[in-house]
Amino acid sequence: MVTTTPLEAELLEIAGAVPDPELPVLTLQELGVVRAVHAHGTDTVEVELTPTYTGCPAIEAMSLDIERALHAHGVRDVTVRTVLTPAWSTDDISAEGRRKLQEFGIAPPRVQRTTGPVPLTLGTTRTLTAPPVQCPHCGSADTELLSRFSSTACKALRRCLACREPFDHFKEL
Amino acid sequence: MTADMTLDATTRTAALALGDDALVLSHRLGEWAGHAPVLEEEVALANIALDLLGQARVLLSMVGDEDELAYLREERAFRNLQLVEQPNGDFAHTIARQLYFSTYQHLLYAELAAAEGPFAPLAAKAVKEVAYHRDHAEQWTLRLGDGTDESRERMRRACGALWRFTGEMFQPVAGLDVDGTALEAAWLASVTAVLDRATLPVPEGPRTGAWAAGAGRQGLHTESFGRMLAEMQHLHRSHPGASW
């Protein structure tokens, strides 16, 4: 068991407070991608960062933003290391993160036990699986899938059948 | 980045094979940008390409410098399956290629993720992404197969045309500890079930043997691959080390 020093806890908080470059309403801590901070002395720090998707191009911006934040805090030598294990899941998004996504107009991912696409039956694009994806604008549960892929890899495009607004859904991974 | 020397040579050979599959298919899917039938599909294919590119970067970095490997190798040095280098054709061809490959990749990564080997970390992550690729391909196969006369005929033609490239996926790859026979049986059962539901015939003709295609893993590629590589590599080769 690795123990976290008070310094590491403080630096973890600073790294975790960096906003996500694509979804600036979320912090990296709320997204669940900052895994650990290891301090070697007070001047050399290593941060473990995990990508949401393997090909997520935001990871480079995240690394730079973390380095900048820690430099600003007086840490001279910052290394951000990408770790794949354990694989990130949308279940790692905090409750506060989900609330903020919803407020921002993105339907948050549903909490899942198994991962992968939520099975759909052919011929319907409506949500028949429980719990339904709710419209982040009006709250209706009557929404339909437009496309499994949207503006970024992590989102699907849906439409609300009650208020007719299209919206992004942070899909389960 | 230099090669990860903690990995043995056969593991790096396997990483090259899987990395080249992901890189080449990523590039092919990227060719749809600006040409897809609807905007949502344009975005979907680009997103799938991006997932594959991410996998390729991890896998090729296990072998050596990712840019050198992608941009400075000759055709014969690529170890990808011939299936993934096949031209996009019409949309049905692209979907048939996606169906065959994503089903294989999903089954393969699930197995690699469950094992303790060097590919487990990437496979455990990528298997979740590939599940969406497979779902996307299956849904489109159903829509096109069980669609209009025109879409059904095009999908039937596409599935048939690519059938002879599917046997190669299950040939043993050094450094990849998977049961090819079991993988093939699972793949065949899954693809057959999807084609049945899509009211499409399971193509006839050989998938392995003298009349089937194959040998991409040995560096032998089909005619169109050279042109694809020329387009993929020319900028880097014309302006070495360029950046913006």
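Asker: Would you explain the overall build of chain B in this entry?
Answerer: Per the secondary structure count, chain B includes nine helices and zero strands. For chain B, the sequential pattern of α-helices and β-strands runs α-α-α-α-α-α-α-α-α. Taking the principal axes of its C-alpha atoms as reference, chain B extends roughly 50 × 40 × 35 Å. Looking at chain B residue by residue over its 244 residues, the buried ones come to 52%.

Asker: Would you take a moment to explain the nonpolar core for this structure?
Answerer: In globular proteins that are soluble, nonpolar side chains generally tend to be buried together. Counting 108 residues, the largest nonpolar core has Val47(A), Ile66(A), Phe170(A), Tyr100(B), Tyr104(B), Tyr109(B) and Trp187(B) as its most contacted members. The leading source of residues in this core is helix H5 (residues 91–114) of chain B, at 12 residues. Here this core spans two domains, since at least three of its residues come from each of domain 1 (6–82) and domain 2 (94–170) of chain A. If near-sequence neighbours (up to four positions away) are discounted, Phe170(A) is found in contact with Leu23(A), Leu31(A), Trp88(A), Thr90(A), Ile93(A), Leu101(A), Ile106(A), Ala107(A), Pro108(A), Pro109(A), Cys154(A) and Lys155(A). With five residues, the next largest nonpolar core counts Ala107(A), Val133(A), Cys160(A) and Phe167(A) among its residues.

Asker: Can you help me understand the domain arrangement of chain A in this one?
Answerer: Reports often express the size of an interface as the amount of accessible area lost when the parts come together. All names here are of chain A. Segmentation of chain A into domains returns domain 1 (6–82) and domain 2 (94–170). It is Leu-23, Val-25 and Glu-30 that lose the most area in domain 1 upon contact with domain 2, and together they represent 56% of the buried surface on that side. Ionic pairing is found between Glu-30 and Lys-100, a salt bridge with its closest N-O pair at 2.8 Å. Applying the counting criterion to the domain 1 and domain 2 interface returns three residue pairs in polar contact (both at pLDDT 80 or more).

Asker: Please clarify how the side chain of Ser150(A) should be interpreted in this entry.
Answerer: Structurally, the position occupied by Ser150(A) is in the loop between strand E5 (143–147) and strand E6 (155–160). Looking at Ser150(A), the relative accessible area reads 7%, which means it is buried. Among the polar contacts made by the side chain of Ser150(A), one reaches the side chain of Asp168(A) at a distance of 2.6 Å. Filtering out sequence-adjacent residues up to four positions away, Ser150(A) remains in contact with Lys155(A), Ala156(A), Leu157(A), Asp168(A), Val43(B) and Asn47(B).

Asker: Please explain the pairing of strand E7 (residues 166–170) of chain A as it appears in this structure.
Answerer: Residue and element names in this part refer to chain A. For E7, the buried fraction is high: four of the five residues fall into the buried class. With two bridges connecting them, strand E4 (residues 106–107) and E7 associate as parallel partners. Bridging across to E7, Ala-107 finds its partner in His-169. With five bridges joining them, E6 and E7 adopt antiparallel strand pairing. Bridging from a neighbouring strand, Ala-156 pairs with His-169 of E7. Counting the residues that bridge the hairpin from E6 to E7 gives five residues, and of these Arg-164 lies at a positive phi of roughly 70°.

Asker: Just checking my understanding: could you explain the sheet that holds strand E2 (residues 44–49) of chain A for this structure?
Answerer: Sheet strands pair by backbone hydrogen bonding; their relative direction is either parallel or antiparallel. Residue and element names in this part refer to chain A. Strand order across the open sheet formed by three strands is E1-E2-E3, with mixed pairing between neighbours. Edge positions in the sheet fall to strand E1 (34–40) and strand E3 (77–82), since each has one partner strand and no second. Ignoring which end each strand starts from, the neighbouring axes of this sheet average 20° apart. Where E1 and E2 come together, six bridges link them in antiparallel fashion. Across the sheet, residue Val-37 finds its bridge partner in E2, namely Val-47.

Asker: Where do I start with helix H8 (residues 180–197) of chain B in this structure?
Answerer: Think of an α-helix as turning once every 3.6 residues; residues three or four places apart then point the same way. Residues and elements named next belong to chain B. With 18 residues, H8 ought to run about 26 Å at 1.5 Å a step, and its terminal C-alpha atoms sit 26 Å apart, in line with that. The complete set of buried residues in H8 reads Leu-183, Trp-187, Ser-190, Val-191, Val-194 and Leu-195. Along the axis of H8, the buried residues cluster in a sector spanning 130°; they form a single face. Away from its buried face, by an angle of more than 90 degrees, H8 presents the exposed residues Thr-181, Asp-196 and Arg-197. If you follow the buried residues of H8, they end up packed against H5, helix H6 (120–145) and helix H7 (149–162). For H8, the capping residue at the N-terminal end is Asp-179, with a side-chain oxygen 3.2 Å from the backbone nitrogen of Thr-181.

Asker: Even after reading the chapter, I still don't get unusual backbone geometry, so can you show me in this structure?
Answerer: Both trends apply: most residues other than glycine have a negative phi, and most peptide bonds are in trans. Backbone torsion omega between Thr85(A) and Pro86(A) reads -10°, so that peptide bond is classified as cis. In this fold, Pro86(A) is placed in the loop between E3 and helix H4 (95–104). A positive phi is found at Arg164(A), a non-glycine position, where the angle reads about 70°. In this fold, Arg164(A) is placed in the loop between E6 and E7. The backbone phi angle of Thr199(B) is positive, close to 60°, even though this residue is not glycine. Here Thr199(B) lies in the loop between H8 and helix H9 (223–238). Judged by relative accessible area, which is 37%, Thr199(B) ranks as partly exposed.

Asker: Sorry, what's going on with the state of the cysteines here?
Answerer: Here, the word disulfide means a covalent bond between the sulfur atoms of two cysteines. All names here are of chain A. Throughout the structure, instances matching the rule amount to zero disulfides over all chains. No disulfide involves Cys-154; its sulfur sits 6.7 Å from that of Cys-56, the nearest cysteine. Exposure remark for Cys-154: the relative accessible area of 11% places this residue in the buried category.

Rules of the game
- Residues numbered from 1 in each chain as written.
- Chains lettered and ligands numbered in written order.
- Predicted model: local features only at pLDDT ≥ 70, side-chain atom pairs only at ≥ 80, totals over all residues.
- Heavy atoms only, no water.
- Helix = DSSP H or I, 4+ residues; strand = E, 2+ residues; numbered from the N terminus.
- Buried < 20%, exposed > 50% of the residue type's maximum accessible area, 1.4 Å probe, protein only.
- Core = buried A, V, L, I, M, F, W, Y, C linked by side-chain atoms within 4.5 Å.
- Domains from an automatic or database assignment.
- Contact = heavy atoms within 4.5 Å.
- Buried area = accessible area lost by both parts, 1.4 Å probe.
- Salt bridge = Lys/Arg side-chain N within 4 Å of Asp/Glu carboxyl O.
- Polar contact = N/O pair within 3.5 Å; in protein donor to acceptor, adjacent residues only side chain to side chain.
- Pairing = 2+ DSSP bridges.
- Axes fitted to C-alpha atoms, helices over the stretch in contact; angles between N-to-C directions.
- Expected span 1.5 Å × (residues − 1).
- Arc of directions from axis to C-beta.
- Disulfide = S-S within 2.5 Å.

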